[in-house]
Amino acid sequence: MTTVDLNSVITGDACEVLKNIADSSVNLVYLDPPFFSQKEHELSSRSNGKTYSFNDKFSSKAEYISFISPILKEIRRILTNNGSIFLHCDRYASHYLRMELDEIFGENNFQSEIIWSYKRWSNSKKGLLNAHQNIYFYSKTKNFKFNQFYTDYSPSTNIDQILQERVRNSNGKSEYKKDSKGNIVLTSEKKGVPLSDVWEIPFLNPKAKERCGYPTQKPVKLIQRIIELVTNDGDVVLDPFCGSGTTCVAAKSLNRKFIGIDKNLDAIELSKKRLSEMIISESGVLSKGIDSYIEKNSFENNLLSLLNAIPVQRNKGIDGFIRNDNSLIPIKIQKNSETIDDAIASLENAVCGKDFPIKILIQTNEKHNTNLFEKETDIKIVKYVDLQIKNLLKVV
Ligand SMILES: C[S@@+](CC[C@H](N)C(=O)[O-])C[C@H]1O[C@@H](n2cnc3c(N)ncnc32)[C@H](O)[C@@H]1O
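Computed from a prediction, not measured in an experiment: that's the story for all the values here. Starting from 1, residues in each chain are numbered consecutively following that chain's sequence as written. It should be noted that, the model being predicted, local features are given only for residues of pLDDT at least 70 and side-chain atom pairs only at 80 or more, the latter also being counted only at that level, while totals for whole chains, interfaces and linings use all residues. Hydrogens and water molecules were not included; the side-chain quantities draw on all heavy atoms of the structure.

**Some words on the domain arrangement of the protein**
Now for step 1: Segmentation of the chain into domains, including their bounds, is taken from an automatic or database domain assignment. Parsing the protein into structural domains produces domain 1 (8-149 + 195-287), domain 2 (153-192) and domain 3 (294-395).
Now for step 2: Relative to domain 2, the C-alpha centre of domain 1 lies at a distance of 41 Å.

In structure tokens:
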């Protein structure tokens, strides 16, 4: 058997190349194969203008499974005894692939079905918006490597209760442990909630530097999480359908060795380029948390909720939309620091080029710019009740 160089990306058919890899020599295989979407995927790269494509069409499910099955068998052979496979798929064929994995790796070695969920905004078809993909995690044996990760407690968790140590009483029921004086005993600090099998990791946004123009490119952050879960420094990570090389980039960034395989020469060249540049985009949602995107203060939130308005974040000119029959009415709440003229300008700017039947500004103070004449506007200005009362009091 000719062995394959570590830290290399190889052009060739996945199954054929895998046959050249020694038994029990790879710690993790992540694969993102064709999904049986029955589509030809195509995308153009912004940086080099090149069009990348790959074919995901099969004559039948049976043909698809007979394509994947021998690859899964080779993967099992090359995995170390404490190694794991993560198979990425989606609703098109996940149910068939799960059965195939059970068959080859054994039902008892099924560890998790990871739901990779992400936000999407539009849905052209009738039905629920599809916003997740599936990743099956099987180990080769029961004795698999696993690094436990913890996440923060949810804001609704009663941390006080969590920190109270529990014991079993004489009836086998769990109860709070008490010291000799009857005081509840607190545990040493809890680590958090063990990482669950639902992962919210954003898709790469269209402008992300990491985006290389390869169709179905996955985010490096997603693969990094898998690698960190089941491998350590210096371990070998292999991706037999590496596409643009995401897994190799993720492995290299974490000091793991990698092998990437793809039958498409363009994909291999792109992988090599990405490995030499190593661009990994930070995700604000992952590093700062989704709540960091909520910009409204409690006054604005309460007012929007009173008006039954849909709050809008990250927009300077519009704070929310009120539903009126079939149309949406933009609404802005004047900020404390804003003059009324600036608030008008900011709402006008935000609605420019869009056709709204009416635009509403809630005036909360009477600060004006120094110019003597108020700008003409078709924005309807409603004085906040607080301001109306202050004005009424001025005249008594
Ligand atoms: C879903 S894409 C992988 C995308 C990749 N995860 C990324 O982030 O860029 C699937 C890849 O499988 C490759 N492929 C399809 N059939 C193959 C085969 N028999 N052997 C090797 N690669 C194959 C395609 O060229 C394509 O690049």
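**A short note on the site of the ligand**
Now for step 1: As a structural note, the neighbourhood of the ligand is formed by 20 residues, with D32, Y214, S244, T246 and D262 the closest of them.
Now for step 2: One nitrogen or oxygen atom from the side chain of S244 is found 2.6 Å from an oxygen atom belonging to the ligand.
Now for step 3: Within the contact set of the ligand, a nitrogen atom lies 3.2 Å away from a backbone nitrogen or oxygen of K263.
Now for step 4: When isolated, the ligand has an accessible area of 610 Å², and the protein chains bury 97% of it.
Now for step 5: In this count, Pro and Cys sit with the nonpolar residues alongside Ala, Val, Leu, Ile, Met, Phe, Trp and Tyr, while Asp, Glu, Lys and Arg are called charged and the others, Gly among them, polar. Among the residues making up the shell around the ligand, the classes are represented as eight nonpolar, seven polar and five charged. Any residue with a non-hydrogen atom lying within 4 Å of a molecule or strand is treated as near it. Think of a polar contact as two N or O atoms within 3.5 Å of one another; within protein, one of them needs to be a possible hydrogen donor and the other a possible acceptor, and neighboring residues in sequence only count if both atoms come from side chains. Note that accessible areas follow from Shrake-Rupley with a 1.4 Å probe, and for residues the cover is restricted to the protein chains shown.

**Quick word on the pairing of strand β13 (residues 236-239)**
Now for step 1: Each residue's exposure class comes from its accessible area (1.4 Å probe, protein chains only) as a fraction of the maximum for that residue type: buried when under 20%, exposed when over 50%, partly exposed otherwise. The way it works is that DSSP assigns letters per residue, a run of H or I at least four long becomes a helix, a run of E at least two long becomes a strand, and they are numbered from the N terminus. Alternating residues of β13 divide into V236 and L238 and V237 and D239, and every residue in both groups is buried.
Now for step 2: Two strands qualify as a pair provided DSSP detects at least 2 bridges between them. The pairing of strand β2 (residues 26-31) with β13 spans two bridges and is classified as parallel. When the bridges of β13 are listed, V29 appears paired with L238.
Now for step 3: As paired elements, β13 and strand β14 (residues 257-262) share four bridges and run parallel to each other. Across the sheet, the residue bridging to V236 is K257, located in β14.
Now for step 4: Every crossover in which the path from the first strand over the helix to the second runs clockwise, viewed with the strands pointing away from the viewer, is termed right-handed. Crossover connection from β13 via helix α6 (residues 246-253) to parallel β14: handedness right-handed.

**Things to note about the sheet that holds strand β17 (residues 327-333)**
Now for step 1: Read across the sheet, five strands follow the order β15-β16-β17-β18-β19 without closing on themselves; strand pairing throughout is mixed. Two strands lie at the open edges of the sheet, namely β15 (310-311) and β19 (380-383), each paired on one side alone.
Now for step 2: Looking at chain direction, β17 and strand β18 (residues 360-363) are connected through three bridges and run parallel. Among the inter-strand pairings, I333 is bridged to a residue of β18, identified as I362.
Now for step 3: Against the sheet, helix α9 (residues 298-306) engages β15, β16 (320-324), β17 and β18, with an angle of about 150° to β17. What makes two residues a contact is simply this: any of their non-hydrogen atoms within 4.5 Å. Fitted lines through C-alpha atoms serve as axes, helices being fitted only where they are in contact, and the angles separating the N-to-C directions of these axes extend from 0 to 180 degrees.

**Notes on a nonpolar patch on the surface**
Now for step 1: Residues enter patches when their relative accessible area tops 30% and they take part in no salt bridge; the joining distance is 9 Å for like charges and 5 Å for the nonpolar side chains Val, Leu, Ile, Met, Phe, Trp and Tyr. Definition used for salt bridges: Asp or Glu carboxyl oxygen within 4 Å of a side-chain nitrogen of Lys or Arg. On the surface, V385, I389, L393, V395 and V396 cluster together into a nonpolar patch covering about 550 Å² of accessible area.
Now for step 2: Examined against the element boundaries, V385 turns out to sit in helix α11 (residues 385-395).

**Concerning the nonpolar core**
Now for step 1: Judged by nonpolar contacts, the single largest core of 34 residues is most densely connected at I75, I85 and L238.
Now for step 2: Looking at this core, the elements that each hand over two or more residues are α1 (14-18), β2, α2 (61-78), β5 (79-89), α3 (94-105), β7 (132-139), β13 and β14.
Now for step 3: With seven residues, α2 is the largest single contributor of residues to this core.
Now for step 4: What I75 contacts, discounting residues up to four positions off in sequence, is L18, V29, L31, I85, F105 and P240.
Now for step 5: Side-chain atoms within 4.5 Å are what join buried Ala, Val, Leu, Ile, Met, Phe, Trp, Tyr and Cys residues into a set we call a nonpolar core. Formed by 28 residues, the second largest nonpolar core is a distinct cluster that contains Y30, W116, Y118 and C242.

**Comments concerning the sheet that holds strand β6 (residues 110-117)**
Now for step 1: As summarised here, the arrangement of the eight strands in space is β1-β14-β13-β2-β5-β7-β6-β12, forming an open sheet in which the pairing is mixed. Here the strands that pair on one side only, and so sit at the sheet edges, are β1 (8-11) and β12 (198-200). Pairwise comparison of adjacent strand axes, ignoring direction, gives a mean angle of 20° for this sheet.
Now for step 2: Taken strand by strand, α3 contacts β5, β6 and β7, and its axis lies near 5° from that of β7.
Now for step 3: Here helix α5 (residues 220-230) sits on the sheet in contact with β2, β5, β6, β7, β12 and β13, set at roughly 150° to β2.

**Points about the pattern of salt bridges**
Now for step 1: Taken as a whole and judged by the stated rule, the model has 17 salt bridges.
Now for step 2: The partner of D32 in a salt bridge is K218, and the shortest N-O contact between them spans 2.8 Å. Here K218 lies in the loop between β12 and α5 and D32 lies in the loop between β2 and β3 (39-44), a separation of 186 residues in the sequence. Comparing D32 with K218 shows no difference in burial state: the two are buried.
Now for step 3: For the salt bridge of K394 with E366, the shortest nitrogen-to-oxygen distance reads 3.2 Å. Pair noted here: K394 is in helix α11 and E366 is in the loop between β18 and β19, with a separation of 28 residues, a long-range link.
Now for step 4: Assessed through its relative accessible area of 60%, K394 is described here as exposed.
Now for step 5: Taking the relative accessible area as the measure of exposure, E366 reaches 36% and is therefore partly exposed.

**Quick look at the packing of α2 against α3**
Working note: a packed helix pair is described by the angle between its axes plus the distance between those axes.
Now for step 1: Packing of α2 against α3 leaves a shortest axis separation of 10 Å and a crossing angle of 35°. Relative to α3, α2 is oriented so that their crossing is right-handed. Of the residues in α3, those touching α2 at K61, Y64, I65, I68, S69, L72, K73, I75 and R76 are Y96, L97, E100, L101, I104 and F105.
Now for step 2: Broken down by class, the residue content of the contact of α2 with α3 amounts to ten nonpolar, one polar and four charged. It is the rotation of the near helix from the far one that decides the hand of a crossing: anticlockwise by less than a right angle makes it left-handed, clockwise makes it right-handed.

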